[in-house]
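Geometric and topological summary
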Protein chains: 2
Amino acid sequence: MIHSASSGLKATAVAPSNIAFIKYWGKKDEKLRLPVNGSVSMNLSNLLTTTTVEFDSSFKSDGITIDGKKELGVGLERVVKQLDRVRNIANIKYKANIISKNNFPRGTGLSSSASGFAALTLAASKAAGLNLNEKVLSILARQGSGSACRSIPDGFVEWMDGNSSETSFSVSIFPPEHWNILDIVVITSREKKNVLTTEGQKLAKSSLFFPVRVEKIKEKINQCKKLVREKKFTEFGELIEAEALELHAIMLTSIPSLIYWLPMTVKLMHAIKQWRKDGIESYFTVNTGQNMHIIAEEKNKDLLINRLKGVKGIYRIVINKPAKGARLISEHLF
Amino acid sequence: MIHSASSGLKATAVAPSNIAFIKYWGKKDEKLRLPVNGSVSMNLSNLLTTTTVEFDSSFKSDGITIDGKKELGVGLERVVKQLDRVRNIANIKYKANIISKNNFPRGTGLSSSASGFAALTLAASKAAGLNLNEKVLSILARQGSGSACRSIPDGFVEWMDGNSSETSFSVSIFPPEHWNILDIVVITSREKKNVLTTEGQKLAKSSLFFPVRVEKIKEKINQCKKLVREKKFTEFGELIEAEALELHAIMLTSIPSLIYWLPMTVKLMHAIKQWRKDGIESYFTVNTGQNMHIIAEEKNKDLLINRLKGVKGIYRIVINKPAKGARLISEHLF
């Protein structure tokens, strides 16, 4: 592909964050971000990153502004590496200017790196003049941030662990319309995590219990996909709640221990269990503790919101439906 | 032994609660209360139950008053069964009147059943005219409440799991004077537990991770005893904190899940970790979540108390040294 040295190459993409029902924790290849096990997720309609990438021969260096703030250090390095992957495929050398916006707080366990790297990968590849297919985009996004590969395809998604970079990517298993369940995200803290997920992941294997988890995980993934297919909400809810607790059992037994939960995490777990006893069915899943994901059927939405209003310490609630994956949007919107 | 039908047989005993460094969770014999694995504990100087037992031919039925309140139902049944064990050995048939007092709130994870059944067993056996040795008392106490057998011997204690009732008892491994560490018990809730420990124990085996724990536990017990013997505080602290987290990882992954932690549990865990970073070394251990046990060296006592004063939501602090086990006290004190 030949570009005129003066041409501005620009594209904007939006990508959703996603919630994993079966979680990704632990890598079998640190550099390629190959996960120890596959995972199953749902894209979230209201946790979005919108990213505009512009390559230009006049730019002296890569720069990224996220939510109005220049990203520096390790964060910038990770973005530059992702741009390099795209430039390498497109065979261009231009530097890029990137403007990225999240509609939710970053670094607080809401997987802004998933939506962020999915949007970045799509926008950068398009701006670089590439028309990559979903599989290649997912593989590329994975190298930026593992779970970002799940934010590329639509709706309910499976990330196959694979045994090489080319075989570790995500596919849509059901479209967003398949099942109208909700993920009510309860944001309880705007504080950044003590231990970044990337660092925490490295400790997965230090847990004595990790091999037991890995041994059973394929069976669990198949069971999860089956329950989503059959829309068996109760069994599905029980499965994903137990999976979240298993993940945290691994974290707690890592050396050193990882305690991601906060007081509000535990408060909400007890509340959700109590509400179930009261007949309002929902199940929780939780990644890094600052936020709870309440998975519920549409019919219980208002009852749950009402209950949540009675809980002190909630900063914001975001109601998500299953969503499309990363997509390009018209630049003139920005 | 022959008793005059009209004689009042009375004795009073005091027994400490104990904190397990290596925990008891899961039974291999439900009825005999044989634990799946051994455990290591320390008796606590300031969490005490004092119990007076009186047998008399004029009593029509067994009765027990705990902290001024008549115990009924399941609680009373458990006490009657323990009295039956003692009556069986002493070959008496008299009913008993029991007055028991705790200097701390019951049923809130402070092992009132440990101190309670240890004191009851000693007082009842003495009141019945028996002079049982420590081993027999420990075996008897165990049948009333598993961890009560650890409150019989002095100081630092090991409960050997055994493979029969006669081989499952506790012994003192070091006297209280051996090591002047503290257990600062932070009471954060006076609410009773949602799931009684006895019920929770039954779920231990439902955790996929339980066999892994059991496989490694002997090694861990030996390591713990070695570190207590050598008084290596840092390594000891790291070991017991990891053990507590492992126990809760088992609980979280039980089916159904057991979440004993409360918001304050998590708050204090983060605080203790932070204080360590600040140079004030202590480690936590936790049983049923309503209370935290902060294990520290004497030298950090004041600094820790000062930090605890800055934490909202603490109801009471009890500072414990290693203590003697169950002992008889003069009746005229009561």
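Calculation notes
The residue numbers shown here count from 1 along each chain, following its written sequence. Chain letters and ligand numbers both follow the written order, the letters beginning at A and the numbers at 1. Totals for whole chains, interfaces and linings use every residue, but because this is a predicted model, local features are given only for residues with pLDDT of at least 70 and side-chain atom pairs only at 80 or more, for both listing and counting. Excluded from the side-chain calculation are hydrogens and water; included are all heavy atoms of the structure. Only runs of H or I of at least four residues qualify as helices and only runs of E of at least two qualify as strands under DSSP, and these elements are numbered from the N terminus. Radius of gyration: C-alpha atoms only; globule rule: 2.2 Å multiplied by the number of residues to the exponent 0.38. Classification of residues uses two cut-offs on accessible area relative to the type maximum, computed with a 1.4 Å probe and protein chains only: under 20% is buried, over 50% is exposed, and between them is partly exposed. When checking whether two residues touch, look at their non-hydrogen atoms; a contact exists if any pair is within 4.5 Å. Using the Shrake-Rupley algorithm and a 1.4 Å probe, accessible areas are obtained, with residue cover drawn only from the displayed protein chains. We place the copies in one frame by least squares, fitting the C-alpha atoms of every residue whose pLDDT is at least 70 in both. Between N or O atoms, a polar contact is any pair within 3.5 Å; within protein, one atom must be a potential hydrogen donor and the other a potential acceptor, and residues adjacent in sequence are included only when both atoms are from side chains. The term buried area denotes the loss of accessible surface (1.4 Å probe radius) that occurs when two parts are joined, taken as the sum for both partners. A side-chain nitrogen of Lys or Arg and a carboxyl oxygen of Asp or Glu constitute a salt bridge if their distance falls within 4 Å. Three classes are used, and their members are as follows: Ala, Val, Leu, Ile, Met, Phe, Trp, Tyr, Cys and Pro are nonpolar, Asp, Glu, Lys and Arg are charged, and the others, Gly among them, are polar. Strands qualify as paired when DSSP identifies two bridges or more between them. What counts as an axis is a line fitted to C-alpha atoms, over the stretch in contact for a helix, and the angles between N-to-C directions run from 0 to 180 degrees. An automatic or database domain assignment supplies the start and end points of every domain. Side-chain atoms within 4.5 Å are what join buried Ala, Val, Leu, Ile, Met, Phe, Trp, Tyr and Cys residues into a set we call a nonpolar core. Two helices cross in a left-handed way if the nearer one is turned anticlockwise from the farther one by less than a right angle. They cross in a right-handed way if the turn is clockwise. Angle categories: roughly parallel below 35 degrees, roughly antiparallel above 145, roughly perpendicular from 65 to 115, and oblique for all the rest.

For the rest of this paragraph, the subject is the overall build of chain A. A tally of helices and strands in chain A yields eight helices and 14 strands. Compactness check: chain A gives a C-alpha radius of gyration of 20 Å against a globular reference of 20 Å for 334 residues, within 12% of the reference. Burial status across chain A gives 60% buried among its 334 residues. Excluding contacts between residues fewer than 6 apart, the proportion of contacts in chain A whose partners are at least 24 apart in sequence is 77%. Entry remark: accessible area of chain A is about 13,600 Å², with carbon and sulfur atoms responsible for 52%.

Quick look at the relation of the copies chain A and chain B now. Superposing chain A onto chain B requires a rotation of 180° together with a translation of 0.0 Å along the rotation axis, leaving an RMSD of 0.0 Å. Accordingly, the operation relating the two chain copies is best matched by a two-fold axis.

Next up on the list: the side chain of A:S170. All names here are of chain A. Position of S170 relative to the elements: it lies in strand β9 (residues 170-174). The exposure class assigned to S170 is buried, which follows from its relative accessible area of 1%. Reaching out from S170, the side chain makes a polar contact with the backbone oxygen of C149 at a distance of 3.2 Å.

Another aspect to go through is the interface of chain A and chain B. Across the contact, 23 residues belong to chain A and 23 residues belong to chain B. Buried surface at the junction of chain A and chain B, summed over both partners, amounts to about 2,200 Å²; 80% is from carbon and sulfur atoms. Where chain A packs against chain B, one counts zero salt bridges. Along the contact surface separating chain A from chain B lie four residue pairs in polar contact (both at pLDDT 80 or more). When residues of the side of chain A that touches chain B are traced back to their parent elements, those giving at least two are α5 (210-230), α6 (233-252) and α7 (263-277) of chain A. In terms of residues, the side of chain A that touches chain B owes the most to one element, α7(A), which gives six residues. Across the side of chain A that touches chain B, the residue classes tally to 14 nonpolar, four polar and five charged.

What follows covers the sheet that holds strand β10 (residues 181-187) of chain A. All names here are of chain A. Taken in spatial order, the four strands line up as β11-β12-β10-β13 in an open sheet, and their pairing is antiparallel. Where the open sheet ends on each side, the last strands, each with one partner, are β11 (282-285) and β13 (316-320). Averaged over all pairs of adjacent strands, the angle between their axes in this sheet comes to 25°, without regard to strand direction. Here β10 pairs with strand β12 (residues 291-297) via seven bridges, running antiparallel. By the bridge assignment, V185 is partnered in β12 with H293.

With that out of the way, let us pick up the domain arrangement of chain A. All names here are of chain A. As far as domains go, chain A holds domain 1 (10-177 + 323-329) and domain 2 (181-320). With 36 residues of domain 1 in contact, the opposing surface of domain 2 contributes 49 residues. Counting each side, the surface lost to burial between domain 1 and domain 2 is near 3,400 Å², with a carbon and sulfur contribution of 66%. Contact with domain 2 buries area across many residues of domain 1, yet F21, K23 and W25 alone supply 25% of it, more than any other trio. Scanning the region where domain 1 abuts domain 2 turns up one salt bridge. The salt bridge partner of K225 is E158, with a shortest N-O separation of 2.6 Å. Elements with a contribution of two residues or more to the side of domain 1 that touches domain 2: β1 (9-22), β2 (27-29), β4 (39-56), β8 (156-159) and β9. For the side of domain 1 that touches domain 2, the element with the most residues is β4, which contributes seven residues. In terms of residue class, the side of domain 1 that touches domain 2 is built from 17 nonpolar, eleven polar and eight charged.

The tendency in soluble globular proteins is for nonpolar side chains to be buried as a group. Ranked by internal contacts, the top residues of the largest apolar core, which has 48 residues, are A:W261, A:W275 and B:W261. When neighbours within four sequence positions are excluded, B:W261 is seen to be in contact with A:L252, A:W261, A:V266, A:H270, B:L245, B:H248, B:V266, B:M269, B:V286 and B:G289.

Now for unusual backbone geometry. All names here are of chain A. Geometrically, the link from I255 to P256 is a cis peptide bond, its omega value of -5° lying close to zero. Tracing the chain through its elements places P256 in the loop between α6 and α7. Backbone geometry at K231 places phi at a positive 55°, although glycine is not the residue there. In this fold, K231 is placed in the loop between α5 and α6. By relative accessible area, K231 is classed as partly exposed at 41%.

For the rest of this paragraph, the subject is the environment of A:S45. Residue and element names in this part refer to chain A. Along the chain, S45 falls in strand β4. It is 9.1 Å that separates the C-alpha atoms of S45 and G325, two residues lying 280 residues apart in sequence. Polar side-chain contacts of S45 include one of 2.8 Å to the backbone nitrogen of K321.

What holds strands together in a sheet is hydrogen bonding between their backbones, with the strands either parallel or antiparallel. Residues and elements named next belong to chain B. Strands sit in the order β11-β12-β10-β13 across an open sheet of four strands; the sheet is antiparallel. This sheet does not close on itself; its edge strands, each paired only once, are β11 (282-285) and β13 (316-320). Pairwise comparison of adjacent strand axes, ignoring direction, gives a mean angle of 25° for this sheet.

Attention shifts here to the packing of helix α1 (residues 73-90) of chain B against helix α2 (residues 112-127) of chain B. All names here are of chain B. Look at α1 against α2: their axes get within 10 Å of each other, and the N-to-C directions meet at 40°. Remark: the crossing between α1 and α2 carries right-handed chirality. Mapping the contact onto sequence places R78, V79, Q82, L83 and V86 in α1 and F117, L120, T121, A124 and S125 in α2.

One pass over the full model with this rule turns up 31 salt bridges over all chains. Sharing partners across several salt bridges, the network here consists of A:R213, A:K220, A:E243 and A:E246.

All names here are of chain B. One way to put it is that α1 packs onto helix α3 (residues 134-144) with a least axis distance of 9 Å and a crossing angle of 150°. Between α1 and α3, the interaxial angle falls into the category roughly antiparallel. For α1 against α3, the interelement crossing comes out right-handed. Contacts between α1 and α3 pair R78, Q82, R85, V86 and I89 from the former with L140, A141, Q143 and G144 from the latter. Within the contact of α1 with α3, the residues separate by chemical class into four nonpolar, three polar and two charged.

With that out of the way, let us pick up the pairing of strand β7 (residues 95-102) of chain A. Residue and element names in this part refer to chain A. Covered by surrounding structure in β7 are A96, I98, S100 and N102 only, the residues K95, N97, I99 and K101 on the alternate face being uncovered. Here β4 runs beside β7; their pairing, made up of eight bridges, is antiparallel. The partner of D56 across the bridge, within β7, is K95. Pairing of strand β5 (residues 63-66) with β7 involves four bridges; the strand directions are parallel. Among the inter-strand pairings, T65 is bridged to a residue of β7, identified as I99.

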